[in-house]
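Structural characterization, general
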Amino acid sequence: MVDAHRGARPIPASSHKEELRLSEHLEDDNRLSARGIARLGEFVTEALEIAEDKGVEDFMAFATSAVRDAANGVQVLAEINARCGVDIQVLSGRDEARLTFLAARRWFGWSSGRMLTLDIGGGSLEIAAGMDEEPDVAISLPLGAGRLTRDWLTADPPTADEVRKLRKHVRAEIGRMVGDVVRYGEPHCAVATSKTFKQLARIAGARPSNEGLYVSRSLTRGAMAEWAVKLTRMTAQERAALPGVSEGRAAPAGRRRDRGRRGHGPVRDPRARPVPVGAAGGGHPAPARPDAWPSGLRVLAGKRHLT
């Protein structure tokens, strides 16, 4: 909930959230389970009650990746709409990337130049880039942290072979889209907006959230590479002890599904290359080559503070 009017900075008034982890309630046929539907309905009802108690004037309800990609997503929303009396809209992957980009642009302003935004959710990865409020390119890929953990990792910690195959899959998926991202020019600023990046930055030494919105936070290329290796060798219990990591996000991987039914598995693509994700923080552009990584990402304290 925010106090906002046109042209003004939105002031966060209150926040209520619960980790439903809907992607973990998808069954083998990619349908949201009865338990997942029930939990979603319970939360929508709770959110409506809290909004009414707080005097919210405009209430917006929308669903993203987990419901968008579920085979029974339309039926799920119809059932919840009938039960709760609220019309939940489905936000497309491209619109999710566009709105995240707009939020980051409003926050950092025009002086940030060409901007690249990255957002890793539970079910999808959103990437957008551009000079204006409307990005030149906005894409969504099925590379969310929860989805990849569920579909590819079985051990705690994951085996070296599982990690190798997952890295290959991710690089191939992004490799197919990288040309669309870099063709418009080199970004001057790379921004990460999700809780996944926020926790990774905190692990790597970024300032904690309780120090406020306006403290500069970044995730360097070196730290990212170092922790990408360390985290794969840690158990869930060890990850949960790291600074800034919630217990829910450190949970061990669930049972992997049959990838053959869902089209997953190692992808062999000669075009696959390491992921290019933009430029350094501080206004120093990094080369936008297909084999380039950024030297740093600016990490935002929380998306609820963006508009």
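Predicted model only: the values in this text are computed from it and were never measured.

What follows deals with the overall build of the protein. From N to C terminus, the protein includes eleven helices and ten strands. Out of the 307 residues in the protein, the part that is buried amounts to 43%. As presented, the protein carries roughly 16100 Å² of accessible surface, and 51% of it is formed by carbon and sulfur atoms.

What follows deals with the pairing of strand S6 (residues 125-130). S6 sits mainly inside the fold: six of its six residues count as buried. Burial along S6 is two-sided: Leu125, Ile127 and Ala129 and Glu126, Ala128 and Gly130, pointing in opposite directions, are all buried. Inspection of the sheet shows strand S5 (residues 115-120) paired to S6 by six bridges, in the antiparallel sense. Across the sheet, Met115 pairs through a bridge with Gly130, a residue of S6. Two strands pair when backbone bridges link them, and S6 and strand S7 (residues 137-141) are joined in this way by five bridges, in the antiparallel orientation. Bridge pairing links Ile127 to Ile139 in S7.

As a further point, take the packing of aromatic side chains. Throughout the structure, instances matching the rule amount to one aromatic pair. Ring centres of Trp107 and Tyr214 lie 6.0 Å apart, and the angle between their planes is 5°; on these two criteria the pair is classed as stacked. One end of the pair, Trp107, is in helix H4 (residues 93-108); the other, Tyr214, is in the loop between helix H8 (195-203) and strand S9 (218-220), and 107 residues separate them in sequence. When its relative accessible area of 30% is taken as the criterion, Trp107 is described as partly exposed.

The next point concerns the nonpolar core. Ranked by internal contacts, the top residues of the largest apolar core, which has 33 residues, are Leu116, Ile127, Leu143, Leu219 and Leu297. Counting residues in hydrophobic clusters, the runner-up holds 20 residues, among them Ile37, Ala63, Val67 and Val86.

We now examine the pattern of salt bridges. Applying the stated criterion to the full structure yields 16 salt bridges. A salt bridge links Asp69 to Arg147, with the shortest nitrogen-to-oxygen separation between them at 2.6 Å. Here the residue Asp69 occupies a position in helix H2 (residues 65-69), and Arg147 occupies one in helix H5 (residues 145-152), the gap between them amounting to 78 residues. Linking Glu211 and Arg207 is a salt bridge whose minimum nitrogen-to-oxygen distance equals 2.5 Å. Taken together, the salt bridges that share partners define one network made up of Asp95, Arg98 and Glu134.

Once that is clear, we can look at H8. Where H8 is concerned, the buried positions are Phe197, Gln199, Leu200, Ala201 and Ile203. Just beyond H8, the residue with positive phi is Gly205, at close to 115°.

In this section: the environment of Gly122. Looking at the element boundaries, Gly122 is found in the loop between S5 and S6. With relative accessibility at 38%, the residue Gly122 sits in the partly exposed group. Spatially, the C-alpha atom of Gly122 lies 8.9 Å from that of Thr196, the residues being 74 residues apart in sequence. The contacts of Gly122, once residues within four sequence positions are left out, are Ser23, Gly144, Ala145, Gly146 and Arg147.

With that settled, consider the environment of Val56. As for its placement among the helices and strands, Val56 is situated in the loop between helix H1 (34-54) and strand S3 (62-63). Separated by 54 residues in sequence, Val56 and Val2 have C-alpha atoms that sit 9.0 Å apart. Residues in contact with Val56, not counting those within four places in the same chain, are Met1 and Ala51.

Summarising the element assignment, Ser65 is placed in helix H2. With a relative accessible area of 5%, Ser65 lands in the buried category. Not counting residues up to four positions away in its chain, the partners in contact with Ser65 are Glu96, Gly123, Ser124 and Arg147.

The buried count for S5 comes to five of six residues, which makes it a mostly enclosed element. Between S5 and the antiparallel strand that follows it, S6, lie four residues.

Judged by side-chain polarity, Met1, Val56 and Phe59 come together as a nonpolar surface patch covering roughly 220 Å² of accessible area. With respect to the helices, strands and loops of the structure, Met1 is situated in the segment before strand S1 (2-3).

Turning next to unusual backbone geometry. The linkage connecting Asp156 with the following residue, Pro157, adopts the cis geometry, with an omega of 0°. Secondary-structure assignment places Pro157 in the loop between H5 and helix H6 (160-175). Even without being a glycine, Arg21 presents a positive backbone phi close to 50°. By the element assignment, Arg21 lies in the loop between strand S2 (11-12) and H1. The class for Arg21 is partly exposed, based on a relative accessible area of 31%. Within the chain, Asn30 stands out as a residue other than glycine whose phi angle is a positive 65°. Classification of Asn30 by relative accessible area gives buried; the value is 16%.

What counts as what
Residues numbered from 1 in each chain as written. Predicted model: local features only at pLDDT ≥ 70, side-chain atom pairs only at ≥ 80, totals over all residues. Heavy atoms only, no water. Helix = DSSP H or I, 4+ residues; strand = E, 2+ residues; numbered from the N terminus. Buried < 20%, exposed > 50% of the residue type's maximum accessible area, 1.4 Å probe, protein only. Areas by Shrake-Rupley, 256 points an atom, 1.4 Å probe, with all protein chains shown as cover. Pairing = 2+ DSSP bridges. Phe/Tyr/Trp six-rings, centres within 6.5 Å; stacked < 30°, edge-to-face > 60°. Core = buried A, V, L, I, M, F, W, Y, C linked by side-chain atoms within 4.5 Å. Salt bridge = Lys/Arg side-chain N within 4 Å of Asp/Glu carboxyl O. Contact = heavy atoms within 4.5 Å. Patch = residues over 30% accessible without salt bridge, like charges linked within 9 Å, V, L, I, M, F, W, Y side chains within 5 Å.

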